[in-house]
Amino acid sequence: MSTTAPPMVSFRHAVKTFPAKSGEVRAVDDVTLDIRTGEIFGVIGYSGAGKSTLVRLINALEPATAGEVIVDGQDVTALPERELRRVRAGIGMIFQQFNLLSSRTVAGNVGYALAVAGWPREERKDRIAELLDFVGLADKARQYPSQLSGGQKQRVGIARALATNPKILLADEATSALDPETTQDVLDLLRRVNSELGVTVVVITHEMDVVKYACDRVAVMEGGKVVEHGDVYSVFARPEHRATRRFVGTALRDRPSPAALERLRHRHPGRIVTVAVREDGASSTDLTRALREHPVDGTIIYGGIVEIAERPYGSLTLELAGEDAAIAGFITDLSSTTSVLDLGTAEHPLADPDAVGPRATTASPEGDEGPSSPTLPQAVDTDRLADADSPTWNPFTHLRRWRR
Amino acid sequence: MNNETDWDYLVPLLQKAFGETLWMVSISLLIAGVAGLALGLAVYVTRRGNFLENRIVFTVLNLLINTIRPIPFIIFVFAVGPLTMALVGRTIGIEAAIPPMAIMAAVAFARLVEQNLVALDPGVVEAARAMGASRWRIVWSVLIPEALGPLILAFTFLTIAVIDMSAVVGMIGAGGLGDFAIRHGYQRFNWEVVWATVAIIIVLVQLVQVLGNALARKALRR
């Protein structure tokens, strides 16, 4: 898809506030963002980050409080209700709980969208058959939603959303109620919708896997703001915002949680480092080379490498054995090509500031070094260690409890 | 007082009373069904967060329902006398029974309709809005069909409540089974007549419930 085509959706300082007991809640807070024509765009964030509200600005199910939302060249914030209904008919939407009409059959649900859009009755039948064929449910036309599995219900939802040949499909946590295998099927279907029908797809999710598998570009939301956005790989490979780093860590679990790190230190009391593995594949090659060239033994004790946007992504955690100077040289060398996070030794531990998951049972020191800043051996501040009994407040642990 | 019940005399009267009850109940239900459905929908759609949110209309309608419903029906029949007079031109007789029965039944049904709509998944309404459906279309093509099973059960409940009301309006000369049981049974110390009438009402109520359940099951069979 040409990047010179005008964006399908353009948010310009979009704001949406809701009245609340104490003042107001800014569910969407000054968002400026373009969704390109023909892409699959992900909006990721924890519950309450404002992503559902953001996509509802596109079809004006929620009218924007301020700013502009330009959809296919038209500012929907300026349209009266009657006009909005016409715009909505050109935007498909699917939902986490499917939201099918339980009183209508599968064919009836798809036909409903056509009826709303004013299709003549005689043309509906062929279109329904065509759509059910596309989503692979041709044999279920006469069944009621309650007779279908979750994945099948979502396929009906997709058929219904596509009924009127929309240019945009909004998927609001469309796979969050599905098991992993069904999620995969539905994501494959969404990719087909995008590639075969040329529909611009906007996917809201709290599942990293969904973005990883299906999206071209992604926006990360937190507290109503888009804190980071861009190409999926670059956002996740070099996350600039803490929210994004947490997300990546939570989803991939390639780095040991504080509790896991503590257990690792029991078995591996030596120097522990985490080495990032990124797209060009050079970082794992570099690791092999550095281990060969320096008088250092490396044992892989933790890690994971997956694909994001069809490119490798992850990290490996190693225990290094050797002279202190040799280890320092090894780290400096490797840091020149990839990011290396020094986790110290059992005797002088250093924490991973972006670690996610269960906390260590004993105190862990605060580390200010991010994963992108290569670190050299550090002296551990023992005073701070003593103070570190109270776990540092982590703004995401309470959010994580909200998930699912 | 006779020891023998004169059924030859009473059966024609009973038939007439039965006819009066059926007539009163049918007309009241017809009016209350339409008015109650409209009122219930109006309360639902103007409720906070719904698609025709309107605090003033909601408050007024809600207050109206809450004011009328707790009035004991026997008092209500007399209390709306002036309105009955204005509507049907008299305050006694079977025509005069219709306004109080219809009004009381309508507000009761409005509440039942509203409660069943509130129980609907708002996501379905949102899906219809996302397709570009107008509000009016959502009412008749989403809200009512989706809640049809519970609405049929609510109407069944209402029918039985209206049969109950019809026994009271004998007080204003509207006749009916209740009036028959009191005048030809209770006031003549003839318990046989009272029980026979009660048995007829029980059978009537059972029939209504069985029919209502069957229709609701049909609506919910999916």
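So, how was this worked out
Residues numbered from 1 in each chain as written. Chains lettered and ligands numbered in written order. Predicted model: local features only at pLDDT ≥ 70, side-chain atom pairs only at ≥ 80, totals over all residues. Heavy atoms only, no water. Helix = DSSP H or I, 4+ residues; strand = E, 2+ residues; numbered from the N terminus. Buried < 20%, exposed > 50% of the residue type's maximum accessible area, 1.4 Å probe, protein only. Contact = heavy atoms within 4.5 Å. Areas by Shrake-Rupley, 256 points an atom, 1.4 Å probe, with all protein chains shown as cover. Phe/Tyr/Trp six-rings, centres within 6.5 Å; stacked < 30°, edge-to-face > 60°. Lys NZ or Arg CZ within 6 Å of the ring centre and 35° of its normal. UniProt positions renumbered as here; feature names shortened; annotations may be inferred. Salt bridge = Lys/Arg side-chain N within 4 Å of Asp/Glu carboxyl O. Buried area = accessible area lost by both parts, 1.4 Å probe. Polar contact = N/O pair within 3.5 Å; in protein donor to acceptor, adjacent residues only side chain to side chain. Patch = residues over 30% accessible without salt bridge, like charges linked within 9 Å, V, L, I, M, F, W, Y side chains within 5 Å.

Peer 1: Explain the overall build of chain A here, please?
Peer 2: Looking only at helices and strands, chain A features 14 helices and 14 strands. When each of the 404 residues of chain A is scored for burial, the buried share is 52%. For chain A, contacts bridging at least 24 residues in sequence account for 71% of all contacts bridging at least 6. Of the roughly 18,200 Å² of accessible surface on chain A, 49% is carried by carbon and sulfur atoms.

Peer 1: Looking at this model, I keep getting lost on the packing of aromatic side chains. Mind explaining?
Peer 2: Each aromatic ring pair is summarised here by two numbers: the centre-to-centre distance and the angle between the ring planes. With the rule as written, the count across this model stands at 6 aromatic pairs over all chains. Ring centres of Tyr46(A) and Phe247(A) lie 4.5 Å apart, and the angle between their planes is 20°; on these two criteria the pair is classed as stacked. Note that Tyr46(A) is positioned in the loop between strand 3 (40–44) and helix 1 (51–58) and Phe247(A) in helix 9 (residues 242–252), a separation of 201 residues in sequence. Here the aromatic residues Tyr186(B), Trp191(B) and Trp195(B) are joined through ring pairs into a cluster of three or more. Positioned above the aromatic ring of Tyr213(A), the side-chain terminus of Arg191(A) is 4.4 Å from the ring centre. Note that Arg192(A) overlies the ring of Phe134(A), its terminal NZ or CZ placed 4.3 Å from the centroid.

Peer 1: Is there a simple way to explain the UniProt feature "transmembrane region" (unreviewed entry) in chain B in this structure?
Peer 2: UniProt marks residues 22–44, 56–80, 92–113, 138–163 and 193–216 of chain B with the feature "transmembrane region" (unreviewed entry), using the numbering shown here. Segment residues 56–80 of chain B splits into 80% helix and 0% strand. End C-alpha atoms: 25 Å apart.

Peer 1: When you look at the pattern of salt bridges in this model, what are you seeing that I'm missing?
Peer 2: Close approach of charged atoms lets side chains of opposite charge pair. Using the criterion set out here, one finds 24 salt bridges over all chains in the structure. The partner of Glu173(A) in a salt bridge is Lys51(A), and the shortest N-O contact between them spans 3.6 Å. Here Lys51(A) lies in helix 1 and Glu173(A) lies in the loop between strand 7 (168–172) and helix 6 (180–197), a separation of 122 residues in the sequence. Of the two residues examined, Glu173(A) and Lys51(A), each falls in the buried class. Among the salt bridges present, the one from Arg90(B) reaches Glu95(B), with a minimum N-O distance of 3.6 Å.

Peer 1: Would you take a moment to explain the interface of chain B and chain A for this structure?
Peer 2: Where interface size is quoted, it is often the accessible area lost as the parts come together. Across the contact, 20 residues belong to chain B and 24 residues belong to chain A. A combined buried area of about 2,000 Å² lies between chain B and chain A, and 52% of that area is made up of carbon and sulfur atoms. Our count for the contact surface shared by chain B and chain A stands at 1 salt bridge. Among the ionic pairs, Glu126(B) bridges to Arg56(A), the shortest N-O distance being 2.5 Å. Taken together, the connections running from chain B to chain A amount to 7 residue pairs in polar contact (both at pLDDT 80 or more).

Peer 1: Would you take a moment to explain the side chain of Glu39(A) for this structure?
Peer 2: Residues and elements named next belong to chain A. As for its placement among the helices and strands, Glu39 is situated in the loop between strand 2 (24–35) and strand 3. Residue classification places Glu39 among the buried positions, given a relative accessible area of 6%. A polar atom in the side chain of Glu39 sits 2.6 Å from the backbone nitrogen of Arg36. Setting aside chain neighbours within four positions, we find Glu39 in contact with Asp34, Asn194, Val199, Thr200, Val201, Asp216 and Arg217.

Peer 1: What's the story with the environment of Val9(A) in this structure? I'm lost.
Peer 2: Residues and elements named next belong to chain A. Here Val9 shows up in strand 1 (residues 9–19). The class of Val9 is buried, set by a relative accessible area of 0%. Considered as a pair, Val9 and Asp75 are 66 residues apart in the sequence and their alpha carbons are 9.6 Å apart. When neighbours within four sequence positions are excluded, Val9 is seen to be in contact with Leu33, Asp34, Ile35, Ile58, Ile70 and Ile168.

Peer 1: Just checking my understanding: could you explain a nonpolar patch on the surface for this structure?
Peer 2: Residue and element names in this part refer to chain B. Taken together, the side chains of Ile74, Ile75, Phe78 and Met171 define a hydrophobic patch exposed on the protein surface, amounting to about 400 Å² of accessible area. Counting through the fold element by element, Ile75 comes out in helix 3 (residues 73–79). The class for Ile75 is partly exposed, based on a relative accessible area of 48%.

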